[in-house]
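Overview (structure and organization)
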Amino acid sequence: MSLASIGLAALAGILSTLSPCVLPLIPMVLGAAISEHRHGPVALAAGLAVSFVGIGLFIATIGYSLG
């Protein structure tokens, strides 16, 4: 995997949180995260980014191996 693929996967994960079905939930999720800990929103964003990048890389690897 190239660095560009990882960057694009990270960007896709970040952009997928901006889809219309997710936007109404963002204030509630951020509110819950900030009420738990001061760094809650940062941990939430990092967790989402890491999970989307991981899933994207996994799917890309399977797609590449299948041809």
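All figures in this text were calculated on a predicted structure; none of them were measured in a lab.

Some points on the overall build of the protein
What the protein contains, in helices and strands, is three helices and zero strands. Helices and strands in the protein line up, N terminus first, as α-α-α. On C-alpha atoms alone, the protein measures out to a radius of gyration of 14 Å, which is more than a quarter above the 11 Å that the 2.2 N^0.38 rule sets for 67 residues. Considering only C-alpha atoms, the protein reaches an extent of 45 × 25 × 15 Å along its principal axes. When the accessible surface of the protein is totalled, it reaches about 5000 Å², and 80% of it is carbon and sulfur.

Section: the confidence of the model for the protein
Should the pLDDT be low somewhere, the predicted coordinates at that spot are not to be read in detail. Of all residues in the protein, 97% attain a pLDDT of 70 or more, and the chain-wide mean is 80. Element-level pLDDT for the protein is lowest in helix α1 (residues 3-16), with a mean of 75, against a maximum mean of 85 in helix α3 (residues 40-66).

Observations concerning α3
For α3, spanning 27 residues, the distance from its first C-alpha to its last is 39 Å, which sits close to the expected 39 Å at 1.5 Å a residue. Gly67, located one to two residues past α3, shows a positive phi value of around 95°.

A closer look at the packing of helix α2 (residues 26-36) against α3
Running from N to C, α2 and α3 cross one another at 125°; their axes reach a closest spacing of 7 Å. Here α3 runs oblique to α2, going by the angle between their axes. Across the interface between the two elements, Val29, Leu30, Ala33 and Ile34 of α2 pack against Gly40, Pro41 and Leu44 of α3. Its residues placed into classes, the contact of α2 with α3 shows six nonpolar, one polar and no charged.

Definitions and limits used
Residues numbered from 1 in each chain as written. Predicted model: local features only at pLDDT ≥ 70, side-chain atom pairs only at ≥ 80, totals over all residues. Heavy atoms only, no water. Helix = DSSP H or I, 4+ residues; strand = E, 2+ residues; numbered from the N terminus. Rg over C-alpha atoms; globule rule 2.2 N^0.38 Å. Areas by Shrake-Rupley, 256 points an atom, 1.4 Å probe, with all protein chains shown as cover. pLDDT = per-residue confidence, 0-100. Expected span 1.5 Å × (residues − 1). Axes fitted to C-alpha atoms, helices over the stretch in contact; angles between N-to-C directions. Parallel < 35°, antiparallel > 145°, perpendicular 65-115°, else oblique. Contact = heavy atoms within 4.5 Å. Nonpolar A, V, L, I, M, F, W, Y, C, P; charged D, E, K, R; others polar.

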